[in-house]
Amino acid sequence: MTVISRTEVVYAMSRDNAPVATVASGSEVTFQTCDCFSDQIASADAAFTELDWQRINPATGPVYVEGAKAGDVLRVDIKRIALTHPQAVMVTVPQLGVVGDELEKPQITIVPIENNEALLPGGVRVPLNPMIGVIGVAPAGEPISCGTPDSHGGNMDCKVIAEGATLYLPVNVDGALFALGDLHAAMGDGEVSVCGLEIPGEVTVTLSVVKNRPLPTPMLENADALYTLGSAKTLDEAASLATRNMAHFVADNAGMTLDQAITLLSIAGDLQICQVVDPLKTCRYALPKAVAAQLNLRIEG
Ligand SMILES: [Zn+2]
């Protein structure tokens, strides 16, 4: 099995990044990941002003997947997310996040992890929902910072990108150049403070090339639903993009008119927020599996 060390990181997804490994389609790969601060914060007393802000949101990789060409789709089966630290890091910063105007000074919080729960300040225990914040392939054009999501994936901060889910990413360049990082031990929809429970870990995925099934934006499947993911400058545009892509996906693959598909989406599924704090915002549209099954809808066709 291929293991990619957490020392092999990129801070932008780019067609110019040299691959750190080459694997055949269908291979299992384990990515060791740093937290989104490149593991620079070890205690609540860490000097916030001395953080190296050039080293934020590292993604481990990229991995070249043999046979992947522009127009293909990379199927990423998320087999296992292992958190390798007994504590996570969380920050709140004035002017960052949805209500950053309420904050007076930067605050670092170290959050112990115990028995699959996070011990939050105030004595609140919260169940973990380990998820991958940054996951994507190289974009077709200019490099895109790992802090930004878009149609190549990137910092989508979507809590459904978790163990057991399958993510489908449109391929833009030969080999796809896949990378991931920025694990969160837990995060709520919106990521309202700009931060999840940031933690290092190890993620094992299977990477497979899917031919003849072009997708305009990432899609996702788990036990509950099929999802389209849309990232855009505003939340309104991201909502529109995710919904539009699901409407066309349903119309094209279930033999429905767009009117019928949009009627279905208004009644039987949910438009949900992934995050509202990154340079582009991300929404997802969730179509329940029970509905998809009636229409024989499958992402792989
Ligand atoms: Zn993060």
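Rules behind the numbers
Residues numbered from 1 in each chain as written. Predicted model: local features only at pLDDT ≥ 70, side-chain atom pairs only at ≥ 80, totals over all residues. Heavy atoms only, no water. Donors = N, O, S within 2.8 Å, 3.2 Å for Na, K, Ca; no water. Tetrahedral: all angles 85-135°; square planar, octahedral: opposite > 155°, others 65-115°. Buried < 20%, exposed > 50% of the residue type's maximum accessible area, 1.4 Å probe, protein only. Helix = DSSP H or I, 4+ residues; strand = E, 2+ residues; numbered from the N terminus. Contact = heavy atoms within 4.5 Å. Polar contact = N/O pair within 3.5 Å; in protein donor to acceptor, adjacent residues only side chain to side chain. Pairing = 2+ DSSP bridges. Axes fitted to C-alpha atoms, helices over the stretch in contact; angles between N-to-C directions. Domains from an automatic or database assignment. Buried area = accessible area lost by both parts, 1.4 Å probe. Salt bridge = Lys/Arg side-chain N within 4 Å of Asp/Glu carboxyl O.

An unreviewed UniProt entry lists the protein chain under the name Acetamidase, with Franconibacter pulveris given as the organism.

Caption draft 1: Spatial organisation of the coordination of the zinc ion. For the zinc ion, every protein donor is listed as Asp-182 (OD), His-184 (NE2), Glu-198 (OE) and Glu-198 (OE), and the spread of their distances is 1.9 to 2.6 Å. Every donor counted, the four donor atoms about the zinc ion form angles of 53 to 137 degrees at the centre, which fits irregular coordination. One chain supplies every donor to the zinc ion, and in sequence these donors are spaced D-x1-H-x13-E. With a relative accessible area of 2%, Asp-182 lands in the buried category. Classification of His-184 by relative accessible area gives buried; the value is 0%.

Caption draft 2: Seen up close, the environment of Lys-281. By the element assignment, Lys-281 lies in strand S22 (residues 281-288). Here the alpha-carbon distance between Lys-281 and Ile-78, two residues 203 residues apart in the chain, equals 23 Å. In this structure Lys-281 touches Gly-230, Ser-231, Ala-232, Lys-233, Thr-234, Leu-235, Ala-238, Gln-275 and Val-276, once residues within four positions along its chain are discounted. Looking at Lys-281, its side chain comes within polar contact range of the main-chain oxygen of Asp-278, at 3.0 Å.

Caption draft 3: Molecular detail of the sheet that holds strand S5 (residues 27-33). Taken together, nine strands build an open sheet; the order of strands is S1-S5-S18-S7-S16-S19-S20-S22-S21 and the sheet is mixed. Unpaired on one side and paired on the other, strand S1 (2-4) and strand S21 (270-275) mark the two borders of the sheet. On average, each strand axis in the sheet is inclined to that of its neighbour by 25 degrees, with strand direction left out of account. Where strand S16 (residues 166-170) meets strand S19 (residues 219-221), three bridges bridge the pair, whose relative direction is antiparallel. For Thr-166, the partnering residue across the bridge sits in S19 and is Glu-221.

Caption draft 4: Spatial organisation of the sheet that holds strand S10 (residues 117-120). An order of S8-S9-S10-S11 is seen for the four strands of this open sheet, with the pairing classed as antiparallel. Each end of this open sheet is capped by a strand with a single partner; those strands are strand S8 (87-92) and strand S11 (124-127). Strand after strand, the sheet turns through a mean of 30 degrees between neighbouring axes, direction not considered. In terms of strand pairing, strand S9 (residues 107-114) meets S10 through two bridges, oriented antiparallel. When the sheet's bridge partners are listed, Glu-114 is paired in S10 with Glu-117.

Caption draft 5: Seen up close, the domain arrangement of the protein chain. Taken as a whole, the protein chain is organised into domain 1 (2-84 + 127-210) and domain 2 (219-294). The centre of domain 1, based on its C-alpha atoms, is set 22 Å off from the matching centre of domain 2. Overall, the association of domain 1 and domain 2 removes approximately 1600 Å² of surface from exposure, summing both partners, and the carbon and sulfur fraction of that is 59%. The tally of links between domain 1 and domain 2 comes to one salt bridge. In this structure, the salt-bridge partner of Asp-189 is Arg-284, at a minimum N-O distance of 3.0 Å. The interface formed by domain 1 and domain 2 includes six residue pairs in polar contact (both at pLDDT 80 or more). Of the residues forming the side of domain 1 that touches domain 2, the biggest block, three residues, is contributed by S16.

Caption draft 6: Representation of the pattern of salt bridges. Using the criterion set out here, one finds ten salt bridges in the structure. A salt bridge links Glu-114 to Arg-125; its shortest N-O distance comes to 3.6 Å. Residue Glu-114 is located in strand S9, and its partner Arg-125 is located in strand S11; the two are separated by eleven residues in the primary sequence. Residue class for Glu-114 comes out partly exposed when judged on its relative accessible area of 37%. Two residues, Lys-159 and Asp-189, come together in a salt bridge whose shortest N-O distance is 3.8 Å. Taken together, the positions of Lys-159 in the loop between strand S15 (153-155) and S16 and Asp-189 in the loop between strand S17 (178-184) and strand S18 (201-210) put the pair 30 residues apart, joining distant regions of the chain. By relative accessible area, which is 31% here, Lys-159 ends up partly exposed. Asp-189 sits in the partly exposed class, given a relative accessible area of 33%.

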